[in-house]
Amino acid sequence: MDLVEVLPNRLHMLRFPIGQAYLWQDSGALTLVDAGNAESAAAIEGAIRSLGLLPERLERIVLTHCHRDHVGAAGELAARWGARVLAHRLDAPVIRGERPVPEPVLLDWEIPLYAHGLTVPEAPPTPVDRELEDGDELGFGDGAYVVHAPGHTDGSIGIHLPRHGVLFAGDCVAAVGPLMLGVFNVDRVRAIESFRRLAGLEPSVACFGHGDPLTVATASALAEAAADTPA
């Protein structure tokens, strides 16, 4: 796992072989956005300690959606350190193991990529302490707000921190190579609509589930990529 500073003393990316998570620091608490795969808990704890921080300060784990490379270690970390797990109402039953993970509608070129993604260990059923809705405030980052962004999954969300100009886009947007619509969507039309909604927030920093964060000319790059995405 790689630990990458995005904003000094505020935001770090935790990059795994497939997927990534983000650690946000407030003065008295830590927030994890996504949680890597089911084997990632020790690496995440180690990353927190390597920054001179205490994992018992981890107050919440916000899941952008229900896929195994984002949910996997959430339950173990929450049980170990008392963090609360938050996810959108529509993905929460999947995360709990009450419903199956929704099957995406794959484009031909996505098929081998999807098979590779399934090599990630399956996520165990994970309790969700708070079910989220569009517009909910999350209690960190001087105001962090849920932006419901369905299409990748029904309950996919972005997380917008307007006072810091930060957007966590989950897998709604990807930056592996050119900035693009995220892959493996259950509804491509809704996913494109969500991409355009997120781009309309005009963040100065955008963080993705796959690919490096954007920190320069971010708003214009998002707007251009969203406008150029074909249905």
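Before reading further, recall that the structure is shown in the block above.
The structure presented is a predicted model; accordingly, all values stated were derived computationally and were not measured.

We now examine helix H6 (residues 188-199). Between the first and last C-alpha of H6 there are 16 Å, a value that for 12 residues agrees with the 16 Å anticipated at 1.5 Å per step. Looking only at H6, the buried set comprises Ala191, Ile192, Ser194, Phe195, Leu198 and Ala199. Buried residues of H6, seen end-on, are gathered within an arc of 160° and therefore sit on one face of the element. Exposed side chains of H6 directed beyond 90 degrees from the buried face belong to Val189 and Glu193. For H6, the elements touching its buried residues are strand E8 (145-148), strand E9 (157-161), strand E10 (166-168), strand E11 (173-174), strand E12 (180-181) and helix H7 (218-227). Sitting at the head of H6, aspartate 187 places a side-chain oxygen 3.2 Å from the backbone nitrogen of valine 189.

Angle between the axes and distance between the axes: these two values describe a pair of packed helices. Where helix H1 (residues 41-50) meets helix H3 (residues 74-81), the closest approach of the two axes is 9 Å, and the angle between their N-to-C directions is 55°. In terms of their interaxial angle, H1 and H3 are classed as oblique. Mapping the contact onto sequence places Ala41, Ile44, Glu45 and Arg49 in H1 and Glu76, Leu77, Arg80 and Trp81 in H3. A per-class count over the contact of H1 with H3 returns four nonpolar, no polar and four charged.

This part covers the pairing of strand E4 (residues 30-33). Side chains Leu30 and Leu32 of E4 all project onto a buried face; the interleaved residues Thr31 and Val33 project onto the opposite face, where all are buried too. Bridge analysis of strand E3 (residues 20-25) against E4 gives four bridges, and the strand direction is antiparallel. Bridge pairing links tryptophan 24 to threonine 31 in E4. As paired strands, E4 and strand E5 (residues 58-62) are joined by four bridges and run parallel to one another. By the bridge assignment, valine 33 is partnered in E5 with valine 62. Each parallel crossover has a hand, and the one from E4 via H1 to E5 is right-handed.

This part covers the environment of aspartate 212. Assignment of secondary structure puts aspartate 212 in the loop between strand E13 (205-207) and H7. Assessed through its relative accessible area of 45%, aspartate 212 is described here as partly exposed. Between the C-alpha atoms of aspartate 212 and serine 50, which are 162 residues apart in sequence, the distance is 21 Å. If we skip the residues at most four places from it in the chain, aspartate 212 touches Met13, Arg15 and Ala175. At 2.7 Å, the side chain of aspartate 212 and the side chain of arginine 15 are in polar contact.

The rules we used
- Residues numbered from 1 in each chain as written.
- Predicted model: local features only at pLDDT ≥ 70, side-chain atom pairs only at ≥ 80, totals over all residues.
- Heavy atoms only, no water.
- Helix = DSSP H or I, 4+ residues; strand = E, 2+ residues; numbered from the N terminus.
- Expected span 1.5 Å × (residues − 1).
- Buried < 20%, exposed > 50% of the residue type's maximum accessible area, 1.4 Å probe, protein only.
- Arc of directions from axis to C-beta.
- Contact = heavy atoms within 4.5 Å.
- Polar contact = N/O pair within 3.5 Å; in protein donor to acceptor, adjacent residues only side chain to side chain.
- Axes fitted to C-alpha atoms, helices over the stretch in contact; angles between N-to-C directions.
- Parallel < 35°, antiparallel > 145°, perpendicular 65-115°, else oblique.
- Nonpolar A, V, L, I, M, F, W, Y, C, P; charged D, E, K, R; others polar.
- Pairing = 2+ DSSP bridges.
- Right-handed = clockwise from strand over helix to strand, strands pointing away.

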